[in-house]
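# Results of the structural survey
Here's the letter readout for the chains.
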Amino acid sequence: KQWYQRRVAITAGSMCKFFGVSKKMLPKICSSAEIYGHISHGSMAGKPIAGCLGDQQAALFGQHCFLRGEAKCTYGTGCFMLTNTGTDIVQSKHGLLTTVAYKIGSEPAVYALEGAVAIGGEVVRWLRDNLGIISSSSEVEQLSGTVDSSHDLYFVPAFSGLYAPYWDPTARGLIIGITAYSNSAHIARAALEAVCFQVCEILQSMDADSGIKLQCLRSDGGMTKNQQFLRMQADVLGIPVECRAESSEATAMGAGMAAAKALGVWNVEKLPGDVLTYNPDLGDEERNGKLARWRDAVQRSRGWVN
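Per-chain numbering applies: the sequence of each chain, read as written, is numbered from 1 onward. Local features in a predicted model are, by the rule used here, given only for residues with pLDDT of at least 70; side-chain atom pairs are given and counted only at 80 or more, and totals for whole chains, interfaces and linings are based on all residues. To obtain the side-chain values, all non-hydrogen atoms of the structure were used and water was disregarded.

### Quick word on the overall build of the protein
Secondary structure summary: the protein contains 8 helices and 11 strands in total. The C-alpha atoms of the protein give 21 Å as radius of gyration, which agrees with the globular expectation for 306 residues (19 Å, within 12%). Its C-alpha atoms give the protein principal-axis dimensions of about 65 × 45 × 40 Å. Relative accessibility decides the category of a residue: with a 1.4 Å probe and only protein chains considered, values under 20% of the type maximum give buried, values over 50% give exposed, and everything between is partly exposed. For the protein, the residues scored as buried account for 46% of the 306 residues in total. Residue contacts are counted whenever heavy atoms from the two residues lie within 4.5 Å of one another. Long-range pairs, those at least 24 residues apart, make up 70% of the contacts in the protein between residues at least 6 apart in sequence. Note on areas: Shrake-Rupley, 1.4 Å probe, and residue coverage restricted to the protein chains presented here. Put simply, the protein shows about 15500 Å² of open surface, and 54% of that area lies on carbon and sulfur atoms. The convention is simple: Lys and Arg are positive, Asp and Glu are negative, and His and the chain ends are not counted. By convention, charge coordinates are those of NZ in Lys, CZ in Arg, CG in Asp, or CD in Glu. Charge centroids of the protein, computed over 29 positive and 29 negative side chains, lie 11 Å from each other. Under the scheme used here, helices are H or I runs from DSSP no shorter than 4 residues and strands are E runs no shorter than 2 residues, and both carry numbers assigned from the N terminus. Radius of gyration means the value over C-alpha atoms here, while the globule rule gives 2.2 Å times the residue count to the 0.38 power.

Next comes the structure, spelled out in structure tokens:
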């Protein structure tokens, strides 16, 4: 904590000097769960404002990733994966970002490693709007399920470069391995697998940085409505993937939990709803072979833009 406070003070001082702003103008740093003030006007006047979390940090909290080594991935337009590193500030050597996860009242701050995928659910929209092989996003599950595999076809959706762990703006999208046998179902399946592979590379970076091998991944976001996709993700990761059946929107849940914790009106240790668990069926040899082919495709996509 003292190290963090010193770092904030040094950073704030240098930035204030650069921009010519007095440090007295900076706001007070507060925890993620405390009463900051009260609503002054309207029908909710007098109600306390008591929880403040960033988007992905709220999802981490909402997924009950309270212990070191627990992780979640939010599958939206992009994908955002965070793993709890406890009170340790872990500086990544594998292309990840170090962030504050949350701080509950007077308790010590909890930190996390974060990895982002630029194109997650956006690739499904691309299949619908640009390629025209589906008429609605929900159809991708049915279409990709008509084939048992992508048959060595790989899709790297680097439409505007690659995020973690590559951080390469020169990469561009690539579909490779097309044969006369390939059809729209293979492309749809390869698109879903691409999201799985990208998340897997982030997970492996997290394992390497934190020194803790992840045992399970908790998931939320729009793509988790696709059960076939979650089974594919479990196969690629080689670990179970969990999804809470009653709520795919963990961000709102986490923000509410933080406020409830501050007000003492809810035991956040108990989260309602059943959990669906998807276990991997793929063997290690086949999984590693697919990951090797994926990385080969990624390398071929890089350096396209000079």
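What follows continues from the structure just given.
### Structural notes on the side chain of Thr74
With respect to the helices and strands, the residue Thr74 is situated in strand β3 (residues 71-75). N or O atoms closer than or at 3.5 Å make up a polar contact, with two conditions inside protein: a donor-capable atom paired with an acceptor-capable one, and, for residues adjacent in sequence, both atoms drawn from side chains. Within the structure, the side chain of Thr74 is placed 2.9 Å from the side chain of Asp220, a separation counted as a polar contact. Setting aside chain neighbours within four positions, we find Thr74 in contact with Gln56, Ala59, Cys79, Phe80, Asp220 and Gly221.

### Focus: the confidence of the model for the protein
Any region with low pLDDT has predicted coordinates that should not be read closely. Overall, the prediction assigns the protein a mean pLDDT of 91, with 93% of residues at 70 or greater. The spread of mean pLDDT over the elements of the protein runs between helix α1 (residues 2-19), the lowest at 68, and strand β7 (residues 154-156), the highest at 98. Every residue carries a pLDDT, the predictor's confidence in it, which falls somewhere between 0 and 100.

### Some points on the layout of surface pockets
Of the voids in this model, the second largest pocket is the one considered here, and its volume is about 240 Å³. Grid spacing is 1 Å over the protein atoms alone, the probe is 1.4 Å, and a cavity is where that probe fits but cannot get out, while a pocket is an open set with protein on both sides within 12 Å along at least five of seven lines and lining residues have an atom within 4 Å of a point. Along the walls of the second largest pocket sit Gly121, Val124, Arg125, Arg128, Ser137, Ser138, Val140, Glu141, Gly222, Met223, Lys225 and Asn226, which together make up its complete lining. Elements supplying a minimum of two residues to the lining of the second largest pocket: α3 (122-131) and α4 (139-144). If you tally residues by element for the lining of the second largest pocket, the top one is α3, at 3 residues. Of the residues contributing to the lining of the second largest pocket, the split by class is 3 nonpolar, 5 polar and 4 charged. Grid points are joined across faces, edges and corners, and a volume is the space filled by probe spheres set on the points. Residues are grouped as follows: nonpolar covers Ala, Val, Leu, Ile, Met, Phe, Trp, Tyr, Cys and Pro; charged covers Asp, Glu, Lys and Arg; every other residue, Gly included, is treated as polar.

### Overview of the pattern of salt bridges
Here, a salt bridge means any Lys or Arg side-chain nitrogen found within 4 Å of an Asp or Glu carboxyl oxygen. For the coordinates displayed, the defined rule picks out 12 salt bridges. Between Asp129 and Arg128 there is a salt bridge; the shortest N-O distance is 2.6 Å. Linking Glu201 and Arg295 is a salt bridge whose minimum nitrogen-to-oxygen distance equals 3.2 Å. Of the two residues, Glu201 sits in helix α5 (residues 184-210) while Arg295 sits in helix α8 (residues 284-301), which places them 94 residues apart along the sequence.

### Structural notes on the sheet that holds strand β10 (residues 241-244)
Strands are labelled as partners when DSSP assigns at least two bridges between them. One open sheet holds the 7 strands; their spatial order is β5-β6-β4-β3-β9-β10-β11, and the pairing between them is mixed. Of all the strands in the sheet, the pair left with one neighbour each is β5 (97-102) and β11 (275-278). Taking each pair of neighbouring strands and ignoring which way they run, the sheet shows an average axis angle of 30 degrees. Axes here mean lines fitted to C-alpha atoms, for a helix over just the part in contact, with angles spanning 0 to 180 degrees between N-to-C directions. Sitting on the sheet, α5 touches β3, β4 (79-86), β6 (110-117) and β9 (217-220), and the angle it makes with β6 is about 150 degrees.

### Considerations on helix α6 (residues 227-237)
Counting buried positions over the 11 residues of α6 gives 9, a clear majority of the element. For α6, the full list of buried residues reads Gln228, Phe229, Leu230, Met232, Gln233, Ala234, Asp235, Val236 and Leu237. The backbone nitrogen of Gln228 has a side-chain oxygen 3.1 Å away, supplied by the residue at the start of α6, namely Asn226. Backbone geometry just downstream of α6 places Gly238 in the positive-phi region, at approximately 80 degrees.

### Describing the environment of Ala71
Mapped onto the elements of the fold, Ala71 is located in strand β3. The class of Ala71 is buried, set by a relative accessible area of 2%. Between the C-alpha atom of Ala71 and that of Tyr154, which follows or precedes it by 83 residues, the distance is 27 Å. When residues no more than four places from it in sequence are discounted, the contact partners of Ala71 are Cys65, Met81, Leu82, Thr83, Leu214, Cys216, Leu217 and Arg218.

### A short note on a nonpolar patch on the surface
Here a patch means residues that are over 30% exposed by relative accessible area and free of salt bridges, tied together within 9 Å if like-charged and within 5 Å if nonpolar (Val, Leu, Ile, Met, Phe, Trp, Tyr). On the surface, Met15, Phe18, Phe19, Val21 and Met25 cluster together into a nonpolar patch covering about 590 Å² of accessible area. Checked against the element boundaries, Met15 lands in helix α1. Judged by its relative accessible area of 42%, Met15 falls in the partly exposed class.

### Some words on the packing of α5 against α8
Relative placement of two packed helices is described by the angle separating their axes and the distance separating the axes. It is at 11 Å that the axes of α5 and α8 come closest, and there the two elements cross at 95 degrees. The orientation of α5 relative to α8 falls into the category roughly perpendicular. Of the residues in α8, those in contact with Glu193, Ala194, Phe197, Gln198, Cys200, Glu201 and Gln204 of α5 are Lys290, Leu291, Trp294 and Arg295. Looking at side-chain class alone, the contact of α5 with α8 contains 5 nonpolar, 2 polar and 4 charged residues. Each angle receives one of four descriptions, namely roughly parallel if under 35 degrees, roughly antiparallel if over 145, roughly perpendicular if within 65 to 115, and oblique otherwise.

### Some points on the packing of aromatic side chains
Only Phe, Tyr and Trp rings are paired, with Trp represented by its six-membered ring, and only when their centres lie within 6.5 Å; those with planes under 30 degrees apart are stacked, over 60 edge-to-face, the remainder tilted. Inspection of the entire model under this criterion finds 11 aromatic pairs. Aromatic pair Phe66 and Tyr102: ring centres 6.5 Å apart, planes at 80 degrees, arrangement edge-to-face. Placement of the pair is Phe66 in the loop between α2 (55-62) and β3 and Tyr102 in strand β5, with a sequence separation of 36 residues. Note on Phe66: relative accessible area 22%, which makes it partly exposed. Tyr102 gets classed as buried once you look at its relative accessible area, which sits at 5%. What links up through ring pairs into an aromatic cluster is the set Phe61, Phe66 and Tyr102.

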